[in-house]
Structures are given as structure tokens and as C-alpha cells.
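# Results of the structural survey
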Amino acid sequence: MIVVPLGIASATPTITRHLPSVALWREGSIFLFDAGENAQMRLLQAGLKRSKIDTIFISHLDIDHISGLVGLLATFQLQRREKSLRFVGPKGLKEYIDWHIQFSKLDVGYELDFIELEEGFDHAVVVDEEEYRVEARPLKHSIFCIGYRFEEKDKPGKVDADKASELGITEDEQFKALKAGDSLTLSDGTTVQPSDIVGHPRPGDSFAYITDTEYCPEAVKLATNANILYHEATFGENLEDKASMNGHSTASDAARVATEAQAKLLVIGHFSARYTNPFILLKEAREKFFPTWLATELRPIYTDPAHEKGIVQAKVMLKELSEKDDKKSTYKGGNRGKGNFRPRKKRMSSDRGHRRDGGGYKSRGEYDRTKRDDGRSTRSGSYDRDRESGSREHKPITPRPRYDDYDRF
Ligand SMILES: [Zn+2]
């Protein structure tokens, strides 16, 4: 299983984050969890084929989680999709899609199957295939919202190839029968039991998708022992009240779910736009649950890295990687010889003293004045004079909040 976050913003996209959507790749098929605006572009950029989408799971009907659906349907139609497309989501999803198809006169040439869940349900197995199943439970948000658990059924145990050849088992059909649990009678009359060459069944991998919810026991049930738990962490601890008022989680709530569920890996996403640096959320989550990662758009997360690495490759450079590369090339041969240290910016020596006096962050205006020490700026000149005579009066500066205080989540 490969999980690829496509959009990790909440409510409003930011310059670096897209609206919520997560793709799950399994054996060549793609399962989409929510489809915010731009989901289809992000699929392309992630190196995932849109035509491989098998099922789309929708958590709830807030527009930021479904605004990418109609464009995707239109693309399927232009691609002449023939395979049916399955939707799982809250009641009303079909009506939403039907209306858009009708309004824009989309001639959908493939079948749409809907599995809709009504408010008040407590548990449902929404998909049950030969190799996997998907379970749904209600979450605790301001509107009806569903969490999902995608789990593979147990895989047959590994075959002991040496022992098999010793016993004279060579045909594929024979292996198939033994793997399926049937005993086999060989030409010499000996009977081979499956347990003779097939090991214990191996548990399948699991993925839980829990977004737009406060902490709730249902989330823990969905995430129990999950290999990958993708959980929203819209806010930090300082906005705990806001989180519960709006039916969202803090990073620490996500960590609590992961701890109680004994998940193997927690991946947090759905960040409020106010957190330009989501590492603060990572830090909070890791205090309670160490194996936590920040979701990064287009960066795949593997349940079996040894076999899965390279299957899904982003078509665009991930931001962090390209930045690192830039540093390497620009600062080669820097002070420490390692090549990835950025030279320290030259600031006037007055900067430090100034901060002590002011006890806060400098306003933009002050930066402009202190930055220039070459005498080209008249303001700079007068600043220096003031500083030397020690007569300059500093205006009190209110320290800025760490994040822009606009009210988005
Ligand atoms: Zn949301």
C-alpha cells in the first residue's frame, strides 16, 4: 500500500497547500479519499493515473472536500472511461453529483455506483472484496462526517521453496491449491498438507483516514493497529478551544488517537492556514506519539518500502528537495566545507543591541533602516547618528504573534 497526500490544507488552499485529498495505491488500483479542488492535477503531479481510480471515499459534504469531484468526472468522460466508478460517502453525495452532471450536461459514459451512509449509522463495511475491505464509522464534526479504514485481508503465508522441490512440487497449480489451503496427493501417492510448505498467514496492511473530527472513540476503533493512520491536526494546543468548537482536532488529539489505537505510524495533515510552519504541530504530536510524520503533498508513504519504493514517482520536484539541492549548488565550499550551509546574513551590529532594548520583534520599517549601512540611505545616516549619541528613543513594539492571526481553519 502506498499513501500519497495530494492536498493537506484545511478549508482554504494556501500558496503551498491544496485542499484535502489523499490517494491510496494498492496493486495498481487507486482509492481516493476526499477530492478537494485540484485533486486531479495533484494526481497527475504525483505520478498517479486518474484512470486507475477504483473508488472515491468522501468523508463529508463540506465543499472543500468535494470541490474536485466534478472536474474529475469530466476528465474521465473525455478519457472515455468504461469502467464503473464507485462512490462511498454521506447521504446527499449522489444528489450533489447528479445535479452537476445534469446542469453541465455531462455525458457520463460509465457507470456510477453510490454507497451512501445515513446520519445515525454506527458501523458499516462499505466495500468487501476478495483481498480487502473498507469499514466506515461516524466521526464527530460540525456536520455528519465519516472515517474510513481500508484493510487488506490476511495474505497467504510464504512458501518454503526448498521444501517444496524436495517433495517434488513443481507445478503452479499445485502451489495454488496448497496456498488456498487444499491438501495435495502426489503421483507417488503421498499427501502434502498446506502446512508442510506454506507458512502462517500474514496479516494484511491497513490504512485509516480520519479527518474533520474532534477526538472520538470511533476514530480509535478505525485506527486500531493501522499501519498508517492519516489523521487531521488542524490546530495546535494553543487553539484547543477553537478546535473543539469547530469539530476539529489538535495535533495532540491526533497523537492520542494513534496512541490508544496503537497505530504503527501517524501522519498528520489538514493544517490550518495560520500554521505557515507545521513543524510546531509535529513537535506537539511527537511529544505524545513519537512515530509521527507530517504529511507532505506528493510524497509517498509506504507500508513496505523495500518493495514499493519507486512505484509511484512524483512528476514535479518536491519543494523541500529542490530547496536542498539549491543550497548545495549555491553554497558549495562554504565555511564548513559541507556545502549546504547558508552563509549568515550580514546585519549591522546594532541589530543585537536593538533587540535587547526593544524586547520584541522589529517592525518592517526598522529593518529597512538598519539593513543599509553603506550610507546610501539618508534614513540610515540619521539612524547611525542617533545610535552613536545614544539619544534615540525606541518606540515600544508589541511582539508579533508567531502566526498571522487570520481566522481560517
Ligand atoms: Zn476539512
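Our structure is the block above this text.
To start, this report covers the structure provided alongside it. (Residues numbered from 1 in each chain as written. Predicted model: local features only at pLDDT ≥ 70, side-chain atom pairs only at ≥ 80, totals over all residues.)

Ranked by size, the top nonpolar core spans 73 residues in total, and within it Ala 23, Ala 223 and Leu 229 carry the most contacts. It is helix α10 (residues 251-261) that contributes the most residues to this core, six residues altogether. Not counting the four nearest positions on each side in its chain, Ala 23 is found in contact with Val 4, Leu 6, Ile 30, Leu 32, Leu 43, Ala 46 and Leu 48. Membership of the second largest hydrophobic core comes to five residues, among which are Ile 169, Leu 178, Val 192 and Ile 197. (Core = buried A, V, L, I, M, F, W, Y, C linked by C-beta atoms within 7 Å. Buried ≥ 20, exposed ≤ 12 C-beta atoms within 10 Å, placed from the backbone. Helix = DSSP H or I, 4+ residues; strand = E, 2+ residues; numbered from the N terminus. Contact = placed C-beta atoms within 7 Å.)

Our next topic: helix α1 (residues 39-46). Turning to α1, its buried residues number three or more, namely Ala 39, Gln 40, Arg 42, Leu 43 and Ala 46. All buried residues of α1 lie within an arc of 160 degrees about the axis, which places them on one face of the element. Here the buried face of α1 lies against β1 (2-7), β2 (21-26), β3 (29-33) and α3 (69-78). Of the residues one or two after α1, Gly 47 is the one with positive phi, at around 85 degrees. (Arc of directions from axis to C-beta.)

A few words now on the sheet that holds strand β15 (residues 292-294). Read from one edge to the other, the open sheet built from seven strands follows the order β7-β8-β9-β12-β13-β14-β15, with strand pairing classed as mixed. One side of each edge strand has no neighbouring strand; the edge strands of this open sheet are β7 (124-128) and β15. The average angle at which neighbouring strand axes cross in this sheet is 20 degrees, direction not considered. Both strand β13 (residues 228-232) and strand β14 (residues 266-269) contribute to a ladder of four bridges, which runs parallel. Along β14, the bridge assignment pairs Leu 229 with Leu 266. Running at roughly 150 degrees to β13, α10 makes contact with β12 (206-210), β13, β14 and β15 of the sheet. (Pairing = 2+ DSSP bridges. Axes fitted to C-alpha atoms, helices over the stretch in contact; angles between N-to-C directions.)

Turning our eyes to something else, we now look at the sheet that holds strand β6 (residues 112-117). Read across the sheet, seven strands follow the order β6-β5-β4-β3-β2-β1-β16 without closing on themselves; strand pairing throughout is mixed. Every interior strand has two partners, whereas the edge strands, β6 and β16 (301-302), have only one. Of the pairings in the sheet, the one linking β2 to β3 comprises five bridges and is antiparallel in character. Across the sheet, Ala 23 pairs through a bridge with Leu 32, a residue of β3. Contacting β5 (85-90) and β6, helix α4 (residues 93-103) crosses the sheet at an angle of about 145 degrees to β6.

The values are spatial; any link to function lies outside them.
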